[in-house]
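Listed below, chain by chain, are the residues.
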Amino acid sequence: MLESAAKRHPSQHALAFGPFKLLRAERLLLDDGVPVRLGGRALDLLTALVERAGEVVSREELDACVWPKTIVEETSLRAHISALRKALGDGHAGARYIINQPGRGYCFVAPVSRVPVQDQDVPREPSAEAPRGLPVRLTRMIGRDEVVPKLASQLESRRFVTIVGPGGIGKTTVSLAVAEACSGRYADGVYFIDLAPVAHDRLVPNAMAFGFGLSPPEDDIVACLSSALRNKKVLAVLDNCEHVVDAVVPLVEQLLKLSPGLHVLATSREPLRAEGEWLHRLPALGMPAADERITACQALAYPAVQLFVDRALSAVDGFELSDEDAPLVGQLCHRLDGNPLAIELAAARVDLFGVRGLARQLDAHVLQLKGQRSVVARHKSLGVMLDWSYELLTDQERSILRQLSIFKGRFTLDAALELVRTVGADESLTPDRVFDCIMDLADKSLAISDAGGDTVCFRLLELARTYALERLVSTGEHAIVAARHAELVLALMRRASLAWPAAATKRQWLAEYGWAVEDIRSALAWAFSQQGSPYIGSSLVATVWPLAMQMNPFEDSEAIERALKAVATLPDTPPELEISLHIGSAAFRLLRRGRAGEALSVALQLAEQSGEARLEADVLMGLTVDALASGSYERATANAERLQSAARRSREPLTMLVADRFAAQACHFAGDHGRARALAERVLSHPMPRGWLGPAGMIDHSVSMRIVLSRSLWLEGLADEAAIMVEQALDHAMADSPSALCQALSLAACPVALWRGDTPAAERWITRLEEEYSNHAMKGGWSPAAAGMPWRRVLEAQAQPLESRRREVIAEEAANTLQLDHLISAHAAFVTRDAATRAGNGGGGWCAPEILRARGEMILRGRSSGASVAAESLFQRARAMARQQGALAWELRAVTSLAALWRDLGRGSESLAALEPVVARFTEGFTTADLRAAAALLETLRTA
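Please read these numbers as outputs of a predicted model, since none were measured by experiment.

What follows covers the overall build of the protein. Scanning the protein for helices and strands turns up 43 helices and 16 strands. Out of the 944 residues belonging to the protein, those deemed buried represent 57%. Of the contacts formed within the protein by residues at least 6 apart in sequence, a portion of 69% connects residues at least 24 apart. With an accessible surface of roughly 39300 Å², the protein has 50% of that area assigned to carbon and sulfur atoms.

Here you go:
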């Protein structure tokens, strides 16, 4: 069994073969001293094979080496081997490196020697790994060596450069090379954003935000982007802008004005005509004149001929350009106008026709590119070239190409296999045959493979996809393929929903399923069209909405409402489908408006009619969240109790555990801190997956329960343990998601720091919360104000006393009771008469004792007649209520206020008798502001 290269002791020698040197310790492959960019998996495969050169290494051994403790499909290994062969130029000029032994494995056949590693072998600047955000190029760029440094220099001085040229001219290749060349100048990263899959102008801001690693917000996306980029040195490569130019231009202009460190490199078939744009028209590859009689050596001085020969070598082992064929190749390149895509398409067929046969085939097709042409004319000429290339494919390859065109962007190999095998009736289309056809399409430059990760993805070139989609329609196949595509997407999303709770990380889950976002939108568009299936569309919406925070699959916020209307017209709609859609509608209303009771009431009625306890539990989870978000703590407790009852009736262990999770949150906010802590600890003691993905179930239980515990611990007088639990909650939240981090900061880190009186920590956490919220626009169950407003207002009040009217305005700004309660808990100045009345009537829940105490302090500051009597009554009620809740922290505050009042009234002995035993009950947290204040008051009382 092979050992992982990462576990070996670093070698002092390089492994040399051909023009290459493999530096294992540095994880670096050099080609004549120039680093070769390889994905991590490909580099591990190469290391494993080279270390055992001449031996056949089985698939099982390679899997164990490269994918330890992971089960992968055989197609993944084959795809990585194919990518590795391309990077090595396997087969070029007779060079052979990796061969396949059918049924046995792979063998590295080139001679390998050990040579000392020289200092000059290790580059001073890292270049072996792809700069962040850039796809790995598997073939070398030809004929653009001079333009790359020129563009890099222009980009540095001009900030906004657009590479302009017809389709297939190599704009993307050049933009990637420029980005690689100057990536070291951008401290905060280089981001490649492909706009080709974006179907509508309105989706451009979402695509930009997603490309920068931000979660697309619902409201002001531009503000989110500008905030994230304002103080960053970043290069954004915007590829394929021509079809969304009206949306790209104003967005880029605004971001460049607001973000001085942002530089933009765009590609388009036409100028964007934007303010500050600097154009670079990418010319055709250099080529000999059409009638020039040249030798092979002379012809190879031209980049177009170099490209033709390089790609022909991929099709024919040992291909060599002869003197006789050199003029023909020159003519062929000239007829193709030096267009790299067209040249690659032609060279890929050398194996079928030879050079002379290719020349004759070109004679039978009109591919003349005449002088000045409009974009439409250039597209038509490339369409002719694609038509010619299409006719050269086998029947199976043509059929597969047409069917794959239904995918909007990337697609996995498994998805392609499932689509192709179920649409057609060709029994010879075995999985291996489909795989071979897809790899052939990639070899012929009609598709691109991305073998950089565990999940192998492909993408049709945009021109090829558009052309193939037109063919799909013209052959009458579109209806059946679109229907099967929608069914496939629905099945995929059902698997994604089941896989979500058990996923190790969200990053891993998104790598597996996130590619399907554009296909979800495409499937929904078809399903709700006249030719579509409302049932499939509604089922897809019901399956996808819980994952919306992870994928943003909807083009607009009306998808769920549209699905609900469609369901109403269907006969015999399954109750689970309609209930799920009502829950989804409620969830989105909760995110946008903070309330969702009406939709959930309808869902609950349907669930009760169905007699399914699990469905009733799903709705009650949403009702519990809705009650908590509005500060209706008693209603939340009642809903949580009904939820636990329904969960027990369902007899599903996961549902019962998730019900305990919601009950822990409801108990805490209702003021039953001991039971809340017991429930939270019980949930954490089970290896429970994420579970339900409702309005408050977006974050992992390891985060939500630690939020509850940190708050409960502080309220119970264990301030130091609470601080430790906050750190744990933040650690788990950072591993989970931005939304989890926002909730951990907003509900645990910020309030606990303020309650402890640790202003520096509070300032740090509040600033971090505002940054996270701005970057990711996480709504969760909170409005924008809920994430940062309360805590920043508290710091303002601490720094400078607020006027009475200002306090009232801030209290009115609170989106709901829950927000106002948090404000009051952190600063007594925000208490209102209505809040005190509510708390006195039993509606204050977790912070009712503090609301009453704060109201008493405000009455004392007013110095009105009878203030002392009224304040004393409120302090006594607060102390009794805190004892009943087991909230030692609130009890300390209430007794401290009461003792200070009695001292001022000359009742020092009563003050001492009241305060001393409460302080004695504390076993930790002696540096907190409350205990320091109580200790100082005790010292004064004892001295007196």
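There's plenty left to go through after this.
To continue, consider the nonpolar core. Proteins that are soluble and globular tend to have nonpolar side chains buried together. Ranked by size, the top nonpolar core spans 94 residues in total, and within it Ile400, Leu404, Met493, Leu540, Phe554 and Val619 carry the most contacts. Of all the elements, helix H19 (residues 478-499) adds the most residues to this core, at ten residues. In this structure, valine 619 is in contact with Ile579, Ile583, Leu600, Ala603, Leu604 and Ala607, ignoring residues within four places of it in sequence. Ala666, Trp714, Val752 and Leu823 belong to the second largest nonpolar core, which has 81 residues in total.

Under the defined criterion, the tally for this structure stands at 37 salt bridges. One salt bridge in this structure joins arginine 52 and glutamate 61, with 3.0 Å as the shortest N-O distance. As far as the burial class goes, arginine 52 and glutamate 61 line up, both buried. In this structure, arginine 793 engages glutamate 796 in a salt bridge whose closest nitrogen and oxygen atoms are separated by 3.5 Å. One end of the pair is arginine 793 and the other is glutamate 796, both in helix H35 (residues 784-799) and three residues apart, which spans about a single turn. For arginine 793, a relative accessible area of 18% gives the class buried. One continuous salt-bridge network, built from bridges that share partners, spans Glu850, Arg853, Glu857, Arg893 and Asp930.

The next thing to look at is the environment of valine 703. By secondary structure assignment, the location of valine 703 is in helix H31 (residues 701-715). Sequence separation between valine 703 and leucine 684 is 19 residues, and the spatial gap between their C-alpha atoms is 9.6 Å.

Taken over all residues, the pLDDT of the protein has a mean of 81, while the share at 70 or more is 83%. Per-element confidence in the protein is highest for helix H41 (residues 888-904), whose mean pLDDT is 95, and lowest for helix H14 (residues 375-391), whose mean pLDDT is 54. Note on residues 1-11: pLDDT under 50 across the span, and 18 contacts to partners over four residues away in sequence or across chains. Segment residues 365-381 is flagged for pLDDT under 50; beyond a separation of four residues in sequence, or across chains, it makes 19 contacts in the model.

This next bit is on the sheet that holds strand E1 (residues 13-17). Here we have five strands laid out as an open sheet, ordered E4-E3-E2-E1-E8, and antiparallel in their pairing. Since the sheet does not close on itself, it has two edges, and those belong to strand E4 (34-36) and strand E8 (113-116), each with one partner. Adjacent strand axes in the sheet meet at a mean angle of 35 degrees when their direction is disregarded. By the bridge criterion, three bridges tie strand E3 (residues 28-31) to E4 in an arrangement that is antiparallel. Each residue of the ladder has a partner; that of aspartate 31, found in E4, is valine 34.

Attention now goes to the packing of aromatic side chains. In total, this model carries 16 aromatic pairs according to the counting rule given. Note on phenylalanine 17 and phenylalanine 108: the rings are 5.0 Å apart at their centroids and 80 degrees apart in plane angle, and the pair reads as edge-to-face. Within this pair, whereas phenylalanine 17 is found in strand E1, its partner phenylalanine 108 is found in strand E7 (residues 105-108), the two being separated by 91 residues in sequence. For phenylalanine 17, a relative accessible area of 1% translates into the label buried. Looking at phenylalanine 108, the relative accessible area reads 1%, which means it is buried. Clustering of aromatic rings is evident, with ring pairs tying together Tyr633, Phe669, Trp714, Trp755, Trp846 and Trp890. For arginine 158, the ring lying beneath its charged end belongs to tryptophan 278, and the centroid distance is 3.6 Å. Between the NZ or CZ atom of arginine 398 and the centre of the ring of tyrosine 390, over which it lies, the distance is 5.9 Å.

This part takes up helix H42 (residues 908-920). The first and last C-alpha atoms of H42 sit 18 Å apart over 13 residues, in line with the 18 Å expected at 1.5 Å per residue. Along H42, the residues classified as buried are Ser911, Ala914, Leu915, Val918 and Val919. One side of H42 holds all its buried residues, which, seen down the axis, span an arc of 120 degrees. Exposed side chains of H42 directed beyond 90 degrees from the buried face belong to Ser909, Ala913 and Ala920.

An order of E5-E7-E6 is seen for the three strands of this open sheet, with the pairing classed as antiparallel. Two strands close off the open sheet at either side, each with one partner strand: strand E5 (56-57) and strand E6 (98-101). As defined by bridge partners, E6 adjoins E7 across four bridges and the pair is classed as antiparallel. Each bridged residue has a counterpart across the sheet, and for isoleucine 99 the counterpart in E7 is cysteine 107. Most of the contacts of helix H1 (residues 40-51) go to E7, to which it runs at about 70 degrees, and overall it touches E5, E6 and E7.

Let us now look at helix H37 (residues 817-826). Taking burial as the measure, the ten residues of H37 include nine buried ones, the bulk of the element. Buried within H37 we find Leu818, Gln819, Leu820, Asp821, His822, Leu823, Ile824, Ser825 and Ala826.

Turning next to the packing of H31 against helix H32 (residues 719-736). A pair of packed helices can be characterised by two numbers: the angle between their axes and the separation between those axes. The interhelical angle for the contact between H31 and H32, taken along N-to-C directions, is 165 degrees, at an axis separation of 8 Å. Accordingly, the angle class assigned to the pair H31 and H32 is roughly antiparallel. Along this stretch, H31 crosses H32, giving a crossing that reads as left-handed. Together, Ser702, Val703, Arg706, Ile707, Leu709, Ser710, Leu713 and Trp714 of H31 and Ala719, Glu721, Ala722, Met725, Val726, Gln728, Ala729, His732, Ala733 and Asp736 of H32 make up the contact between the two elements. Looking at side-chain class alone, the contact of H31 with H32 contains eleven nonpolar, four polar and three charged residues.

The phi torsion at arginine 159 lies on the positive side, around 75 degrees, for a residue other than glycine. Counting through the fold element by element, arginine 159 comes out in the loop between helix H4 (147-158) and strand E9 (160-164).

Reading the values: the criteria
Residues numbered from 1 in each chain as written. Predicted model: local features only at pLDDT ≥ 70, side-chain atom pairs only at ≥ 80, totals over all residues. Heavy atoms only, no water. Helix = DSSP H or I, 4+ residues; strand = E, 2+ residues; numbered from the N terminus. Buried < 20%, exposed > 50% of the residue type's maximum accessible area, 1.4 Å probe, protein only. Contact = heavy atoms within 4.5 Å. Areas by Shrake-Rupley, 256 points an atom, 1.4 Å probe, with all protein chains shown as cover. Core = buried A, V, L, I, M, F, W, Y, C linked by side-chain atoms within 4.5 Å. Salt bridge = Lys/Arg side-chain N within 4 Å of Asp/Glu carboxyl O. pLDDT = per-residue confidence, 0-100. Pairing = 2+ DSSP bridges. Axes fitted to C-alpha atoms, helices over the stretch in contact; angles between N-to-C directions. Phe/Tyr/Trp six-rings, centres within 6.5 Å; stacked < 30°, edge-to-face > 60°. Lys NZ or Arg CZ within 6 Å of the ring centre and 35° of its normal. Expected span 1.5 Å × (residues − 1). Arc of directions from axis to C-beta. Parallel < 35°, antiparallel > 145°, perpendicular 65-115°, else oblique. Left-handed = near helix turned anticlockwise from the far one by under 90°. Nonpolar A, V, L, I, M, F, W, Y, C, P; charged D, E, K, R; others polar.

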